[in-house]
Amino acid sequence: MTYYLTLRKPRLKVDSSTRSPPLVNHQALRNVTYYIMFKESIVPDPVGSSVRPLRVAIIGAGPAGFYAAGALFTQRQLSVSIDLFERLPAPHGLVRYGVAPDHPKIKTVTRVFDRTATATGFRFFGNIEFGSDVTRADLHRYYDAIIYSIGAQADRKLSIPGEELAGSMSATAFVAWYNGHPDFVDLAVDLSGESAIVVGVGNVALDVARILASSKDELAATDIALYAEETLAASHIREIHVLARRGPAQAKFTTAEIKEFGELAAADIVIDPAELRLDPASAAEVAQNVEAQRNLAALQELAALPLRGRPRRVYVHFLVSPVEILGADGHVQAVRIEQNELRVDANGAINAYGAGRFFTLPAQLVLRAVGYRGTPLADVPYDMRSGVVPNTKGRVYDPASGQTLAGEYVTGWAKRGPTGVIGTNRADANETIDSLLADLTTLTPAPEPDPAAIEQLLRQRELRFVSLEGWQLIDQLEVARGQPRGKPRIKFTNVDEMLAIVPEEKPSATPGSN
């Protein structure tokens, strides 16, 4: 700990009559000459100074976590040291394991994250899980502030009979499976049937429908997991039905996503033009929403396309809801569906209600894509109803007492819920960091801020962690593996395999500050 010191000079007596050199009282000089005196209150160096950088732990190495780190590093008057913790050995979260493999341009956002990772004062701790490997209490001991950026890792259920049958699964799991997420490598994906139903009409629903409809050649140049590529190449699926609970005016996909269905090499898209006619309330809604206008125009263009005799067909159905998944021998066989009608409620919202008319579609695979949901973190407040960490502008608070938890913040989906696109997390992170900076002078300094202390704790617990250098080695090898096959990379999909590549980390020098 460094302290501010005050230097006090003695007053020396001068003979005013002769203007002779000052007379020196040696006893007084011994008592008062240039001595060091502590102030009445001893003041430590302020947190965020060059001598005592702000120590921040970020939990979750997805887009939200990287944007939060980047926002801190742009504060030129602030010295900051950031440790980014991730449960898996590889960072980038949703970009690596959620973005569709045939959307490589979206994945280029990792270049921004990589620049953040090279900033002075940044460290990556992969393969370290919050709650088991390190706890909230641990982090308060070593960091002045904690930022939770763990996303929304669970999915919402349909809550209808038959949802537990084999062949019924979440789109979240299916996406993680074809993207090579280590937790989903062994997911039982059976594509031996001829018909699949995707429930939902957001971007995730369109992603999984498009991947099911894609040809072997269309996936060959992507970074899709090799086992998934082989399974999809042998798929017997010929019909993919996408079910939208409300009408085309309320669809949540982006225009670019829906347009891609007109470009598929092995599938025709089928949309009934009659389902694109708008009721008065929906027409009024579209008139005020440019994005909805673009979506409707794209749907109308697709509906006008002639069938081209391709081996697969994608059907988009509006104003329908599954009410029961039917099975035989424990496996999905069909879905009973109710037609809906739109009504405007007392608040002016347009909602779908069952019309009492039913039909059945055969299906051997059902993927629900009706939204993500957060999962609680150990010892961290959580709102079960909204599925987020309770917060005010990113400041975490305890819903029981209403008290803000000093030094704890949240960003991303864990903060606002699963809405927006990847770039939405930037503005979200900026708001959270603004709150942290406003609190800077009132933060309780960590008792053990030395960056070496957390490494020592991990080693004492015999925890194997992956540093930034370790991840860069994994990254380089994945890219090299993909080159002979014309792929951007071939991912390692097993944690032990990744750890075997990375040499044991040696204690590092104390990182610098920004």
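Values in this document were obtained by computation on a predicted structure and should not be read as measured data.

The rules behind the values
- Residues numbered from 1 in each chain as written.
- Predicted model: local features only at pLDDT ≥ 70, side-chain atom pairs only at ≥ 80, totals over all residues.
- Heavy atoms only, no water.
- Phe/Tyr/Trp six-rings, centres within 6.5 Å; stacked < 30°, edge-to-face > 60°.
- Lys NZ or Arg CZ within 6 Å of the ring centre and 35° of its normal.
- Pairing = 2+ DSSP bridges.
- Helix = DSSP H or I, 4+ residues; strand = E, 2+ residues; numbered from the N terminus.
- Contact = heavy atoms within 4.5 Å.
- Axes fitted to C-alpha atoms, helices over the stretch in contact; angles between N-to-C directions.
- pLDDT = per-residue confidence, 0-100.
- Parallel < 35°, antiparallel > 145°, perpendicular 65-115°, else oblique.
- Left-handed = near helix turned anticlockwise from the far one by under 90°.
- Nonpolar A, V, L, I, M, F, W, Y, C, P; charged D, E, K, R; others polar.

Asker: An account of the packing of aromatic side chains is needed here, citing residue identities and associated values.
Answerer: Taken as a whole and assessed by the stated rule, the structure comprises eleven aromatic pairs. Among the aromatic side chains, those forming a connected cluster through ring pairs are Phe66, Tyr67, Phe113 and Phe122. Above the ring of Phe358, the side-chain terminus of Arg336 is found at 4.1 Å from the ring centroid. Stacked on the ring of Phe492, the Lys or Arg Arg481 has its end atom at 4.0 Å from the ring centre.

Asker: Just give me the short version of the sheet that holds strand S3 (residues 54-59), but keep the residues and values in it.
Answerer: The sheet built from seven strands is open, its strands ordered S5-S4-S3-S6-S20-S19-S18 with mixed pairing. Strands at the two margins of the open sheet, each flanked by one partner only, are strand S5 (122-126) and strand S18 (391-392). Helix H16 (residues 451-460) rests against S3, strand S4 (80-86) and S5 of the sheet, and its axis sits at about 10 degrees to S5.

Asker: Could you give an account of the confidence of the model for the chain, with specific residues and numbers?
Answerer: The share of residues in the chain with pLDDT of 70 or more is 90%, and the mean pLDDT across the chain is 91. Per-residue pLDDT stays below 50 along residues 1-41; that stretch engages in 35 contacts with residues further than four places along the chain or on separate chains.

Asker: Describe the packing of helix H2 (residues 63-73) against helix H5 (residues 110-117), listing the residues and the values that go with them.
Answerer: What describes two packed helices is the angle between their axes and the distance between those same axes. Contact geometry for H2 and H5: axes closest at 9 Å, N-to-C directions at 50 degrees. When the axis of H2 is compared with that of H5, the two are oblique. Crossing hand, H2 versus H5: left-handed. Across the interface between the two elements, Pro63, Phe66, Tyr67, Ala69, Gly70 and Phe73 from H2 touch Phe113, Thr116 and Ala117 from H5. Split into classes, the residues belonging to the contact of H2 with H5 amount to seven nonpolar, two polar and no charged.

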